[in-house]
Amino acid sequence: MTELPGSTKKKLGLVIDLDICVGCHACVTSCKGWNTENYGAPLSDMDAYGADPSGTFLNRVHSFEVQPAAGPAQTIHFPKSCLHCEDAPCVTVCPTGASYKRQEDGIVLVNESACIGCGLCAWACPYGARELDQAAGVMKKCTLCIDRIYNDNLPEVDRVPACVRTCPAGARHFGDLGDPDSPVSQLVADRGGMDLMPELGTKPVNKYLPPRPKDRAPAAPLTPIADVQATGIAGWLDRLLEKF
Amino acid sequence: MSYRQPVVETSPPVSDEIRKTTCYMCACRCGINVHMKNGKVAYIEGNRDHPVNKGVLCAKGSSGIMQVTAPSRLRAPMKRVGPRGSGEFQEISWDEALETAASWLKPLRATAPEKLAFFTGRDQSQSFTSWWAQAFGTPNYAAHGGFCSVNMAAGGIYTMGGAFWEFGQPDWDHTKLFILFGVAEDHDSNPIKMGIGKIKSRGAKVIGINPIRSGYNAVADDWYGVTPGADGLLILAIIHELLKAGKIDTRYLAQWTNAPCLVNAEEGPEKGLLLRDPDGKLLVIDRATGQPAPFDRKGVRPDLGATWNGHRTVFQHLAERYLSADYAPETVAARVGITAERIRGLAAEIARVAFDEAIELAQPWTDFRGERHETMPGRPVSFHAMRGISAHSNGFQTARALHVLQILIGSVETPGGFRFKPPYPKPFDAHPKPHSKVTPGAPLDGPHLGYPTGPEHLALKPDGSPARIDKAFSWENPMSAHGLMHMVISNAHAGDPYRIDTLLLYMANMAWNSSMNTRQVIEMLTDTGADGEYVIPRIIYSDAYSSEMVAYADLILPDTTYLERHDCISLLDRPICEADAAADAIRWPVIEPDRDVRGFQSVLLDLGARLGLPGMVAEDGQPKYKDYGDYIVRHERRPGVGPLAGFRGNGESVGRGAPNPDQMKRYIDNGGFFMAHVPHEAAYYKPWNAGYQDWAVGMAFYDKPSPYLFSIWSEPMRRFQLAAEGHGTRQPPDHLRARLMMAMDPLPIWYSPFGDEDAADYPIHALTQRPMAMYHSWGTQNAWLRQIHGRNPLYLPGSIWKEHGFKDGDWARVTSPHGSITVPVALHGGLNENTIWTWNAIGKRKGTWALEPEAPEATKGFLLNHLIHELLPPKGDGLRWANSDPVTGQAAWFDLRVKIERVDPQEQTLPDFPEIKSPVPKAPRNRLWGAEK
């Protein structure tokens, strides 16, 4: 019901490196802090100290266990926020035009003053990337920190999303994925960056860099310099110190 | 244009002001920018200029706003008005609180200062709190290192003059292989994440050796799921392989370690000590002459293989031990839980990177012998470890084994390896010795804690009994450099070695997650004698929050949050240095408390003045220091040397200089920290680098250059072993001789953790670890963090899951030789097959931390502590044997052995404790930022 722009000048998004994400949740709370103070309604926490605390988060880290055919199980930490899809079903489903995709940079936003809190967009999003704030009654989602990335009041180096700035492992990268020469596009090309659930045809802008292969076969054993059983320590010592 | 979209304000004002201070959401001590709006904290981010975190900030730090606004914050001093444990308190004035404390402590100081036991937990002001305790005159002071990671610290100091974390770091810029043995993720937090991210991004490899594959181990390229407590055996098997193949750095060993020193072979009181010349200098055999020479003579070429008059080198002793088939991979594989093939492969990988991928920096330097080197060669293999290997009863020797491994490949203080952070390196004999001589009405005879080099430094009374309540520096654990906080309540309750009057605790949740054997500790805190009085008569506690411990104290001195206080992260204590810079930092009140609370250090100064303690009273009888901030600036430990190294004197002096009244302001203006860079020629080889030694003297780390050799062979340990063999006048009790002879071996050994004794019926190892997003108990009250870690199932490996037929949603009863818990379980495939684990200290007692009693932390959360006793099972000899490392006394948390049985889903974890009446008002139901402003 809401139109997508035909194309966007840029495709701003995140590239998330699953090889080095240690699952520390820094991006989760840094995002929560910034977006509680900034764009739109603050992110509430219901039953904050009770039996079933439930707060609004624009970014969450999920952990999955993977059992390869051989070798021990592996844990993948998987941060997930809005992927700013090119064919964003959350936008087209919006009955009021509150959800929209920006023409200049491709960021998907919610215009909270037009949002009626119907929740259709959250149903439509296959990634579960939107959360209805229980206190404000409006839909919340990742803004790519639109109030940071162009903000003249911030030093230039800080004009990145809060999650990117804070990530201790450096697992989060921000840039224009529409520009094949941008560092993020290069990173995607070098490391085989992937779309999340490409079969859905949403064409997410955000990309994930897959974990590198783990649990290599053991290296060949070292070659003894002497047969200690036969030569004793003295023979071993002679061989060792010869080269010294 | 047909497409219409709203106009968004993309350049809103960010904040009114940024105040830069130091985080305290864990032990990592990152720099933070606190954004202020309308006088309130609006947002916290990392400080890009800060040496520790360089702009990044973890989940805890980024949630600081929920810590400083937590409803669990204590509001005013309180005195207990109900029985201990009831939570019945009455708020009182600070004057009443301080007069009460002074009235309790004054008579103790005049007659028996040792009857005050003062122990601190997550204290970052130990140079101050220890100074206060010394002035009071009690020998009973320590911080929490004894139940944390003293094995790692002491193992490193005795071996090489420093350990991991606060003492040093991997050379992240050059390392090609980083090997992580079991770790606590806040020791340290962000630097490890930054380092792992940095090296993996450039293709370097990370190897995780840990029974649990989570966190850092989840991103490791290779994972070795070692059996808990067997790390030392694995390390010695790697050493076996490296030695056999000659893949060790003989040049490094000959020049920089005591490997070429001669071990006295003559029977008698000197046997096993190293030969020295008449000036007391270690002797080596010079390859040029074949004759003995002092180790530091210019041009000396120490011979690793020498034998002189029957005395063999340390190196020969080492080779003889570790080349033994006892350490062959196939011998140890089953016990270690890793196949011989993989152990050999790991050794080969270490050797390949250390020797085939060696690096060399074009940086000339001069060593302490006066020899100039044109380059700095390096072995780019680095290691890190913390509690995972050290919280075992064999942890000290395991930590030493790991340090010896690093030394054998020549990677310590060389490019790509492990690098010390100033003021380290600092050898064991440059540290203070323990002091425990009590004089009523006077200060202690010296600092409490230190590094004994032989039996003469033990803290014993004339009758040979322990001088300290925790029995630190006694024959039970001679090298207990951080004390044994975990034994204080148990010993005080037992009157072993003696009774105390007042227990003063700071930031230590001893009635809950910081104690082993929590239930019985609670009973000890509330136990009364025949006279109806508490066995531990008085307890004073300072905490900022409504922790479990609060209910068990008689007097509460409420502390501030970290944004409301002064602190110094001092070079006198545990600074925030990086390998390339000495650095220290402050906290300052970026907001004022909205409660009647005071920083504990300021309170101690006030109390000290009321007690007339030396150094705390001015000549006119008034308190010498207005508050802790005043102390930080004006106090001098030695002339010209104070808590902060930067901006001294006229503001330009570094390290040494008169107190500068503007110093605090200069720190604030500088972002809350000070940094002095290590000169380039001093960047590596620091223990032997003349350039570094001279710089360190200028920085006041030492008063003269103090180069030294790494101690592969530990003479202090051998001195204790000699005593156990019957040499010397200070003799251990007979029941400890055999254990001392075994545990104080001067070369690293491995022995089964004490927890393995009589554990045949308890086949499973049980561990805890801290989540990166939660600083154990502290994080629970944080409304954001508890949504991330509000539950802590017991994680089981597939083998145990299948064997017992567990299904999702099941619970289990877990039983140790000491106790039993009933808890929810979950499957975790990435585990050692005999290991189960859970997150540390998510479980909370009902009524604490301003949580609802129905909170999952109190109904589904739990502690493993209930399964762990502070004592070993009785041996029938009537003695109380601590469940601790026999060298350092470190709490052996991870020796725990259990058995498990499936039970149906439950509503409440067991044991369940009665609800405590909350000393703080009920928390608001929701946190709604707009409505709260």
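Residues numbered from 1 in each chain as written. Chains lettered and ligands numbered in written order. Predicted model: local features only at pLDDT ≥ 70, side-chain atom pairs only at ≥ 80, totals over all residues.

Observations concerning the overall build of chain A
Secondary structure summary: chain A contains 7 helices and 11 strands in total. Relative to a compact globule of 244 residues, whose C-alpha radius of gyration would be 18 Å, chain A shows 24 Å and is clearly more extended. Here the C-alpha coordinates of chain A stretch approximately 85 × 50 × 40 Å along the principal axes. (Helix = DSSP H or I, 4+ residues; strand = E, 2+ residues; numbered from the N terminus. Rg over C-alpha atoms; globule rule 2.2 N^0.38 Å.)

Quick notes on the overall build of chain B
A tally of regular secondary structure across chain B gives 27 helices and 34 strands. The globule rule puts the C-alpha radius of gyration for 933 residues at 30 Å, and the 27 Å found for chain B is close to it. Each of the three principal axes of chain B carries a C-alpha extent, and together these read 90 × 80 × 70 Å. When burial is assessed residue by residue, chain B has 64% of its 933 residues classed as buried. Taking as baseline every contact in chain B between residues at least 6 positions apart, the subset at least 24 positions apart corresponds to 69%. (Buried ≥ 20, exposed ≤ 12 C-beta atoms within 10 Å, placed from the backbone. Contact = placed C-beta atoms within 7 Å.)

Notes on the interface of chain B and chain A
Contact residues are listed per partner, giving 87 residues for chain B and 77 residues for chain A. Sorting elements by how many residues they give to the side of chain B that touches chain A places helix H12 (residues 340-356) of chain B first, with 9 residues.

A look at the nonpolar core
Residue and element names in this part refer to chain B. Counting 378 residues, the largest nonpolar core has Leu180, Leu234, Ile238, Leu242, Ile350, Met549 and Ala766 as its most contacted members. At 9 residues, the largest contribution of residues to this core is made by helix H8 (residues 231-244). Setting aside residues up to four positions removed in sequence, Ala766 forms contacts with Val814, Ile836, Trp837, Leu864, Leu867, Leu896 and Val898. (Core = buried A, V, L, I, M, F, W, Y, C linked by C-beta atoms within 7 Å.)

Details of the domain arrangement of chain B
In terms of domain boundaries, chain B breaks down into domain 1 (168-424), domain 2 (717-746) and domain 3 (754-903). A C-alpha centroid distance of 27 Å is found between domain 1 of chain B and domain 2 of chain B. (Domains from an automatic or database assignment.)

Re the environment of Ala122 of chain A
Residues and elements named next belong to chain A. Locating Ala122 in the fold gives a position in helix H3 (residues 120-124). Ala122 sits in the partly exposed class, given 17 other C-beta atoms within 10 Å. Here the alpha-carbon distance between Ala122 and Thr75, two residues 47 residues apart in the chain, equals 27 Å.

Looking at the pairing of strand E1 (residues 12-17) of chain A
Residues and elements named next belong to chain A. Taken across its 6 residues, E1 has 6 buried, putting it largely inside the fold. Where E1 and strand E10 (residues 172-176) come together, 5 bridges link them in antiparallel fashion. Its bridge partner lying in E10, Leu14 is registered against Phe174. The sheet contact formed by E1 and strand E11 (residues 207-209) spans 3 bridges and is parallel. Note that in E11 the partner of Asp17 across the bridge is Leu209. (Pairing = 2+ DSSP bridges.)

Looking at the environment of His144 of chain B
Residues and elements named next belong to chain B. Relative to the assigned elements, His144 resides in the loop between strand E7 (141-142) and helix H5 (150-160). You can call His144 buried: it has 24 C-beta atoms within 10 Å. Considered as a pair, His144 and Gln890 are 746 residues apart in the sequence and their alpha carbons are 10.0 Å apart. Beyond its immediate chain neighbours, meaning those up to four positions away, His144 contacts Thr120, Gly121, Arg122, Met485 and Ala508.

Examining unusual backbone geometry
Residue and element names in this part refer to chain B. In this model, Pro422 is joined to Pro423 through a cis peptide bond whose omega is 5°. Along the chain, the position of Pro423 falls in the loop between strand E22 (418-420) and helix H15 (485-494). Cis geometry marks the peptide bond from Tyr424 to Pro425; its omega dihedral reads 15°. Tracing the sequence through the fold places Pro425 in the loop between E22 and H15.

Some thoughts on the sheet that holds strand E15 (residues 307-308) of chain B
Residues and elements named next belong to chain B. Reading across from one edge, E12-E16-E15 is the order of the 3 strands in this open sheet, with antiparallel pairing throughout. Of all strands in the sheet, those with a lone pairing partner are strand E12 (262-263) and E15, marking the two edges. Pairing analysis gives 2 bridges linking E15 to strand E16 (residues 311-313), with the strands arranged antiparallel. Directly across from Trp308, in E16, lies its bridge partner His311. The strands touched by helix H10 (residues 314-322) within the sheet are E12 and E16, with E16 carrying the most contacts at an inclination of about 75°. (Axes fitted to C-alpha atoms, helices over the stretch in contact; angles between N-to-C directions.)

Brief notes about the sheet that holds strand E28 (residues 673-677) of chain B
Residue and element names in this part refer to chain B. The strand order E26-E27-E28 describes an open sheet built from 3 strands, whose pairing is antiparallel. The sheet is open, and its two edges are formed by strand E26 (567-569) and E28, each paired on a single side. Adjacent strand axes in the sheet meet at a mean angle of 10° when their direction is disregarded. Two strands pair when backbone bridges link them, and E26 and strand E27 (residues 581-587) are joined in this way by 3 bridges, in the antiparallel orientation. Paired with Cys568 across the strands is Ile586, a residue of E27.

Here's the deal with the packing of helix H21 (residues 715-724) of chain B against helix H22 (residues 734-743) of chain B
The relative placement of two packed helices is expressed as an angle between their axes plus a distance between the axes. Residues and elements named next belong to chain B. Their axes nearest at 8 Å, the elements H21 and H22 cross at an angle of 150°. The interaxial crossing formed by H21 with H22 has left-handed handedness. Residue-level inspection shows Phe720, Gln721 and Ala724 of H21 in contact with H22, the latter providing Arg737, Leu740 and Met741. (Left-handed = near helix turned anticlockwise from the far one by under 90°.)

What to know about helix H1 (residues 26-37) of chain A
Because an α-helix packs 3.6 residues into every turn, residues spaced three or four apart end up facing the same way. All names here are of chain A. Under the 1.5 Å per step criterion, the end-to-end length of H1 is 17 Å for 12 residues, consistent within 8% with the ideal 16 Å. Along H1, 12 of the 12 residues are buried, which leaves the element largely enclosed by surrounding structure. Burial in H1 covers these residues: Ala26, Cys27, Val28, Thr29, Ser30, Cys31, Lys32, Gly33, Trp34, Asn35, Thr36 and Glu37. (Expected span 1.5 Å × (residues − 1).)

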